[in-house]
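Secondary and tertiary structure notes
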Amino acid sequence: MNINNRHPPLWILIYGLVIIAFGIFLFTIGSGIRIFLISIVIGLSLIALWLYLDIRKEKRQKKSAYVNNTQACICLICNHKGAKICLQQKCVCCLIMKGNDIIGHHSDNSSQ
């Protein structure tokens, strides 16, 4: 499993919810409004952090383009049998890159 496809750590969300629940509990037993507000702010901050990480992960997944792994590689330089091997070894001779992201694989030999 690729590490980029994983969800953000769930413990951040759980800690946020538990801290909010603990703050509400302390408020109901008469602990005071300051402790209640501090715990609510900390809990909401943790939940917002988790949401930010989740949105950032989704944007990364949308940015990566689909590359056909079953396509044959006809590159005369690397001599691989298929595009999947080129993707695994990150061949610079036949991969189309945009920054650090792989966005395609040359399927014709005209660019070489």
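A closer look at the nonpolar core
Of all hydrophobic cores here, the largest spans eight residues; its members are Ile12, Leu13, Ile20, Phe36, Ile40, Ile47, Trp50 and Leu53. Mapped onto this core, the elements with two or more residues apiece are α1 (10–28) and α2 (33–63). Take this core: its biggest share by element is five residues, from α2. Within the second largest apolar cluster, six residues are counted, among which are Cys78, Cys86, Cys91 and Cys94.

Some points on α1
Side chains three or four residues apart in an α-helix point the same way, a direct result of the helix having 3.6 residues per turn. For α1, which comprises 19 residues, the first-to-last C-alpha distance of 27 Å matches the rise-based estimate of 27 Å (1.5 Å per residue) to within 8%. Among all positions of α1, only Ile12, Leu13, Gly16, Ile20, Gly23 and Leu26 are buried. The arc that holds the buried residues of α1, viewed along the axis, is 160°, so those residues lie on one side. Structural note: α1 exposes Leu10, Trp11 and Thr28 on the side pointing more than 90 degrees away from its buried face.

Things to note about a nonpolar patch on the surface
Taken together, the side chains of Leu10, Trp11, Ile14, Tyr15 and Val18 present a nonpolar region at the surface, about 540 Å² in accessible area. Structurally, Ile14 can be placed in helix α1.

Side note on the confidence of the model for the chain
On average, residues of the chain score 77 in pLDDT, and 69% of them reach the 70 mark or higher. When pLDDT is averaged over each helix and strand of the chain, the minimum, 65, is found for strand β2 (residues 101–105) and the maximum, 94, for α1.

What about the side chain of Asp54?
If you trace the backbone, Asp54 turns up in helix α2. Those residues in contact with Asp54 that lie beyond four places of it in its chain are His7 and Pro8.

A short note on the packing of aromatic side chains
Summed over the entire model, instances satisfying the criterion amount to three aromatic pairs. For the pair Trp11 and Tyr15, a centre-to-centre distance of 5.6 Å together with 70° between the ring planes defines the contact as edge-to-face. Placement of both Trp11 and Tyr15 in helix α1 is noted, with a separation of four residues, approximately one turn of the helix. On the basis of relative accessibility, which here comes to 48%, the residue Tyr15 falls in the partly exposed class.

Definitions and limits used
- Residues numbered from 1 in each chain as written.
- Predicted model: local features only at pLDDT ≥ 70, side-chain atom pairs only at ≥ 80, totals over all residues.
- Heavy atoms only, no water.
- Core = buried A, V, L, I, M, F, W, Y, C linked by side-chain atoms within 4.5 Å.
- Buried < 20%, exposed > 50% of the residue type's maximum accessible area, 1.4 Å probe, protein only.
- Helix = DSSP H or I, 4+ residues; strand = E, 2+ residues; numbered from the N terminus.
- Expected span 1.5 Å × (residues − 1).
- Arc of directions from axis to C-beta.
- Patch = residues over 30% accessible without salt bridge, like charges linked within 9 Å, V, L, I, M, F, W, Y side chains within 5 Å.
- Areas by Shrake-Rupley, 256 points an atom, 1.4 Å probe, with all protein chains shown as cover.
- Salt bridge = Lys/Arg side-chain N within 4 Å of Asp/Glu carboxyl O.
- pLDDT = per-residue confidence, 0-100.
- Contact = heavy atoms within 4.5 Å.
- Phe/Tyr/Trp six-rings, centres within 6.5 Å; stacked < 30°, edge-to-face > 60°.

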